[in-house]
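Examining the three-dimensional arrangement
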Amino acid sequence: MPVPQRVNFLVVGIVPAHESLVENGATSLFNRIRSSWEFRECESFGRLSMRAKILNLKSQEVWVKEVIKNLSEFRKRPIAPKLLSLLWLCAIAWVGFLWNLGNIGLVDETEPLFAEAARQMTVTGDIITPYFNGETRFDKPPLIYWLMAVAYRTLGVNEWAVRLPSALCAIGLTCLGFYTLSKEEGRRKKEEGRQNEEEAKSPPSDTPPLGNSLNLPIFFSTPWIGAALIALNPQTIAWGRTGVSDMLLVACMCSALLAFFLGYTLEEQREKAEFSTVSASRFPNKWYLTFYVLIALAILAKGPVGIVVPALIVGCFGLYLGNFRQLWREMRPVSGILIILAIALPWYILVILANGQTYIDSFFGYHNFQRFTGVVNKHSAPWYFYFFVVLVGFAPWSIYLPVAIARTRFWQRSYWRRQPRSAQLSLFALFWFGCIFCFFTIAVTKLPSYVLPLIPAAAILVTLLWSDIIAGNEPENRRIKLEKKPNSLPRGLLATYIFNVVFLLIIAGATFYCYNWLGDDPAMPNFPQAIQQSGLLIVGGTIWITTAVAIALLLWQRQQRWILVANLIGLVAFIIFGLTPAYKVVDINRQLPLRQLAQVAVQQKLPGEEFIMVGFWKPSLVFYTQEPVTYYRAVTKAIDYIKQSKNPTSPSILLLGYPEKFVQLGLQPNQYQLLESRGAYQLARVPRQAFQ
């Protein structure tokens, strides 16, 4: 009888004098165990006597034999695969999130807002109300600011500390995805081994055998593929290297969903082991508890969306399978809600007490309700917007998503309701993906980062598809009924391989000619020429063409399983030799001039002198000067403010803007002192009398 792994190690509590076992005729068995290495390696001899009283096991002798077998298998397990897996995760983390993490400055406009709000928390000591530039900032809850503040205390106030929380969140999510998929791989191997044994005993048949993944190289294993796809895609890399709250939300929310599925399967294992205490427990299992804790952290990361979206996914999943009531009972929602409230509610109470209705209207009204029901900050887009976001943001793996979704045969509800819970990962990932996609498609305000939480679900779907491709589980006999084979690969797979080649060629062409579309930012007017002269576009385009040719050759040679490897090598090569150097070029042309002018402003600023920016809003100046900066986009409003403001301590102001803004302000070159000119900006000291 199968016993959960956790119970296997409870054999450490076996006592020789246990009366119930003696009554069952297990005395001779215990004598043999007492002299074996398995029994001698146990940590304690008194725990099973207490544990056996609460376990309702049908046969203790069978149980003991099963434990001994599992201990033997555990001792024989080689350590090399674990070390290789650890190295693989470290390599993914380094390439995707840690390499050159702090080598470029903060990117306007969003990143410096978070960085400076966290810095002001460390300066003022107020961890309840976030501030930026002397004003309250109620856009996001405080968890990201707290993590950045801890990083500041550890690493100092710099770009590494700003981005490290996001990078660690992405790495943590990747590792939990690896662990979840390793469970799926173990289940598949057991199923394949059982089927192989049955086929060996049965007479030959015309039915084609299933593929065998038992002897595949480790780099073709499901968790290795899944970790790479979860981490190495444009969306995850971009937000995992950016100091904002988006990756923190994704890590908390998606890790909570993975924890839910692990708890969901754990309940099935406990039921098979007939744990009579499970149903009587007042608390959910350890993974459900983890789910609730992570939901609470997601609420502290970005607000109500942290619980609304996971609840929607879990609810739809349970309703589809018809086990919603059972889920409700085993998840102990009352205990879960109490845990969530205990973690998340105190800060919300304190911030409302400190700021009252202003916080309620700003955070809950404007930044949550209005974003869902109306257009905020001109972030509108058509209903099909997220189709393009997923296509580009999850490239090159996104082209396999339609096949991966069709592979689940989600319309066969009766089949899925008969499957064990551990075999429902692909279905759960589909509900995860679909609920988030539909939820934010309905929302009126649209941003590319909103669908970032569905990327891990898409990665799981594509990973399971590729696991079948690599293992050779594509049936040749199309007459097999779909009811028996819901995970069979669709016929459109060959067309998807071909589109893979075409898609990479399109990306290559876009890379070669993208300099024609990069001249819209007035902050870096010379960037198109700089990126073209760097040769990075040629390098990037060549990498994608080479990858496309390699995939075409593999397809010609019928080596489909290596297509995944070719895509991965091409993507990693593009990250290392194309994308990362391009970040540096962008920084030199867009952000470096502002950092240099911020240094000059700190050195030249007179006591009491006000620093004003006209024509644009660049929050990075506040972070790098660590001084308040007055922003005015409209020239007329800036003139009115300067005329009306009275500052007897300083007869001049520091003014930063484009050269044409000085002309629009009505200033002649002899009316101000030019302190520095960098990039598209110039910094000057202007007497207040020049505006009279």
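What you see is a predicted model; the values in this text were computed from it and never measured.

**Here we look at the overall build of the protein**
When helices and strands are counted, the protein shows 31 helices and 7 strands. Split into buried and exposed, the 692 residues of the protein put 52% on the buried side. The contacts of the protein with a sequence gap of at least 6 include a subset with a gap of at least 24, amounting to 78%. When the accessible surface of the protein is summed, it comes to about 32,500 Å², and 61% of that surface belongs to carbon and sulfur atoms.

**Here's the deal with the environment of I538**
On the secondary structure map, I538 appears in helix α27 (residues 536–556). On the basis of relative accessible area, I538 is assigned to the exposed category, the value being 54%. As for I538 and G578, which are separated by 40 residues in sequence, their C-alpha atoms are 8.9 Å apart.

**Section: the environment of M524**
Here M524 lies in the loop between α25 (493–513) and α26 (527–534). Classification of M524 by relative accessible area gives buried; the value is 11%. A sequence separation of 67 residues divides M524 from Q591, and the C-alpha atoms of the two residues are 8.8 Å apart. Filtering out sequence-adjacent residues up to four positions away, M524 remains in contact with V586, N589 and R590.

**Regarding the nonpolar core**
Note on soluble globular proteins: their nonpolar side chains tend to be buried together. Membership of the largest hydrophobic core comes to 150 residues, with the highest contact counts inside it found for F260, F291, W432, V462 and W466. Broken down by element, this core gets its largest block of residues, 17 residues, from helix α13 (residues 246–273). Ignoring any residue separated from it by four or fewer positions in sequence, one finds V462 in contact with L229, F394, W397, Y400, L401 and A404. Core analysis: the next-biggest nonpolar cluster, separate from the first, contains 22 residues, L597, A598, L656 and Y681 among them.

**Comments concerning the pattern of salt bridges**
Oppositely charged side chains may form a pair once their charged atoms are brought near each other. What the rule picks out here adds up to 12 salt bridges. For the salt bridge of R163 with E111, the shortest nitrogen-to-oxygen distance reads 2.8 Å. One end of the pair, R163, is in helix α10 (residues 159–201); the other, E111, is in helix α8 (residues 110–124), and 52 residues separate them in sequence. For the pair R163 and E111, one class covers both residues: buried. R421 is the partner of E330 in a salt bridge, and the nearest nitrogen-oxygen pair spans 2.6 Å. Note that E330 is positioned in helix α17 (residues 324–331) and R421 in the loop between α22 (413–418) and α23 (425–442), a separation of 91 residues in sequence. Take E330 and R421: they sit in the same class, and that class is buried.

**Let's talk about the sheet that holds strand β3 (residues 610–614)**
One open sheet accounts for 5 strands, arranged β4-β3-β5-β7-β6; its pairing is mixed. Looking at strand neighbours, the two that pair on one side only are β4 (630–632) and β6 (673–678), the edges of this open sheet. Here the strands of the sheet are splayed against their neighbours by 20 degrees on average, with no regard to which way each runs. Pairing geometry for β6 and strand β7 (residues 681–687), over 5 bridges, is antiparallel. Residue pairing in the sheet places L674 in a bridge with A684 of β7. Set on the sheet, helix α28 (residues 561–604) makes contact with β3, β5 (652–657), β6 and β7; between it and β7 the angle comes to about 25 degrees. Strand contacts of helix α30 (residues 635–644): β3, β4 and β5, with the helix running at about 160 degrees to β3, the strand carrying the most contacts.

**Here's the deal with a nonpolar patch on the surface**
Nonpolar side chains collect at one region of the surface, where I337, L341, L345, I349, L350 and L353 lie side by side and expose about 550 Å² of accessible area between them. In this fold, L353 is placed in helix α18 (residues 333–355). According to the relative accessible area criterion, L353 is exposed, its value standing at 68%.

**Quick look at the pairing of β3**
The side chains of a regular strand alternate between the sheet's two faces. In terms of burial, β3 is largely enclosed, as 5 of its 5 residues are buried. Residues E610, I612 and V614 line one face of β3 and the alternating positions F611 and M613 line the opposite face, and both faces are buried. Looking at chain direction, β3 and β5 are connected through 4 bridges and run parallel. Bridge pairing in β5 places E610 opposite I653. Sheet topology places β3 next to β4; 3 bridges connect them, and they run parallel. In the strand pairing of β4, M613 is matched with Y631. Running through helix α29 (residues 620–625), the crossover from β3 to the neighbouring parallel element β4 is right-handed.

Calculation notes
- Residues numbered from 1 in each chain as written.
- Predicted model: local features only at pLDDT ≥ 70, side-chain atom pairs only at ≥ 80, totals over all residues.
- Heavy atoms only, no water.
- Helix = DSSP H or I, 4+ residues; strand = E, 2+ residues; numbered from the N terminus.
- Buried < 20%, exposed > 50% of the residue type's maximum accessible area, 1.4 Å probe, protein only.
- Contact = heavy atoms within 4.5 Å.
- Areas by Shrake-Rupley, 256 points an atom, 1.4 Å probe, with all protein chains shown as cover.
- Core = buried A, V, L, I, M, F, W, Y, C linked by side-chain atoms within 4.5 Å.
- Salt bridge = Lys/Arg side-chain N within 4 Å of Asp/Glu carboxyl O.
- Pairing = 2+ DSSP bridges.
- Axes fitted to C-alpha atoms, helices over the stretch in contact; angles between N-to-C directions.
- Patch = residues over 30% accessible without salt bridge, like charges linked within 9 Å, V, L, I, M, F, W, Y side chains within 5 Å.
- Right-handed = clockwise from strand over helix to strand, strands pointing away.

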